[in-house]
Amino acid sequence: MHVLLNIYHSDACPTIKNVLLLDSGGRRVAVKYYTDEWPTNGAKLAFERSVFIKTQKTNARTEAEIVMFENNVVVYKFIQDLHFFVTGGDYENELALAAVLQGLSDAVTLLLRGNVDQREALENLNMMFLCLDEIIDAGMILETDGNMIAGKVATHNMDDGAPLSEQTISQALATAREHLTRSLLR
């Protein structure tokens with residue numbers, strides 16, 4: 001019965017076990033786990049190290065690669081000195097995992113204005129985690145369009161004090177809506 005539920009569940013809505021953003025040495029930049037499969041921080045670090053070692057000699061720079069690892073499907077891609085990983089169960093659809101990976105890498109590329117490297121990612125760590133929050137909630141995939149994700153993150157991350165000329169149209173509209181709301185509530 002449990003197996004049938006897992007198969008039905010994976011067909012109905014793919015779930016993500018974790019998303020890892022590691023540097024070129026396999027160290028954490030931004031990671032998020034959505035299951036209790038790795039209950040301790042040590043178990044999480046060991047998984048991250050193992051998946052990094054297994055994939056580091058591949059050339060996943062032009063397109064995503066897929067590997068089966070410890071009964072998990074891992075889809076990954078490297079951009080400069082950052083390694084992006086999306087993990088799902090061995091029953092998950094690789095295309096759904098690849099769509100999440102592509103959405104994440106596209107959004108990060110847009111938000112970091114094409115300068116995707118460890119230094120920029122660490123300086124904008126809040127945006128990295130906002131991207132993850134916009135893409136996945138409790139393991140459920142919410143959005144995979146990089147433009148939509150970047151737009152939502154930019155709106156959340158917007159500096160209210162920035163001049164309208166330095167804001168995108170959606171940011172400017174959000175700022176105008178906020179100012180209108182404030183003036184109506186007075």
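A brief look at the structure comes next. This one's a predicted model, so the numbers in the text were calculated from it and none came from an experiment.

Criteria and thresholds
- Residues numbered from 1 in each chain as written.
- Predicted model: local features only at pLDDT ≥ 70, side-chain atom pairs only at ≥ 80, totals over all residues.
- Heavy atoms only, no water.
- Helix = DSSP H or I, 4+ residues; strand = E, 2+ residues; numbered from the N terminus.
- Contact = heavy atoms within 4.5 Å.
- Core = buried A, V, L, I, M, F, W, Y, C linked by side-chain atoms within 4.5 Å.
- Buried < 20%, exposed > 50% of the residue type's maximum accessible area, 1.4 Å probe, protein only.
- Salt bridge = Lys/Arg side-chain N within 4 Å of Asp/Glu carboxyl O.
- Pairing = 2+ DSSP bridges.
- Axes fitted to C-alpha atoms, helices over the stretch in contact; angles between N-to-C directions.

Quick notes on the environment of Gly 146
Within the secondary structure layout, Gly 146 lies in helix H6 (residues 146-157). Taking the C-alpha atoms as reference points, Gly 146 and Gln 102, separated by 44 residues in sequence, lie 7.4 Å from one another. The contacts of Gly 146, once residues within four sequence positions are left out, are Gly 103, Asp 106, Ala 107 and Leu 110.

Notes on the nonpolar core
The biggest cluster of nonpolar side chains holds 32 residues, and the ones touching the most others in it are Ile 16, Val 19, Phe 84, Leu 104, Val 108, Met 128 and Cys 131. Those elements that provide at least two residues to this core are strand E1 (18-23), strand E2 (28-33), strand E4 (72-79), strand E5 (82-89), helix H3 (94-111), helix H5 (125-135) and H6. Setting aside chain neighbours within four positions, we find Leu 104 in contact with Val 19, Phe 84, Cys 131, Leu 132 and Ile 135. With 15 residues, the next largest nonpolar core counts Phe 47, Ala 60, Val 67 and Phe 78 among its residues.

Notes on the pattern of salt bridges
One pass over the structure, following the stated rule, counts six salt bridges. The salt bridge involving Lys 17 is made with Glu 37; its shortest N-O contact spans 2.5 Å. Taken together, the residues Lys 17 in the loop between helix H1 (2-12) and E1 and Glu 37 in the loop between E2 and helix H2 (41-55) connect sequence positions 20 residues apart. Classification of Lys 17 as buried rests on a relative accessible area of 11%. Here Glu 37 falls in the partly exposed class, since its relative accessible area comes to 38%.

Brief notes about the sheet that holds E5
In a beta sheet, neighbouring strands are held together by backbone hydrogen bonds and run either parallel or antiparallel to one another. Reading across the sheet, the five strands line up as E2-E1-E5-E4-E3 and stay open at both edges, with antiparallel pairing between neighbours. Each edge of the open sheet is held by one strand with a lone partner, namely E2 and strand E3 (65-69). For this sheet, the mean inter-axis angle between neighbouring strands, taken without regard to orientation, is 20 degrees. Sheet topology places E4 next to E5; eight bridges connect them, and they run antiparallel. When the bridges of E5 are listed, Tyr 76 appears paired with Phe 85. Contacts from H2 reach E1, E2, E3, E4 and E5 within the one sheet, and its direction differs from that of E2 by about 115 degrees. The sheet contacts of H3 involve E1, E3, E4 and E5, and relative to E4 the element is tilted by about 25 degrees.

Honestly, it's all geometry; don't read function into it.
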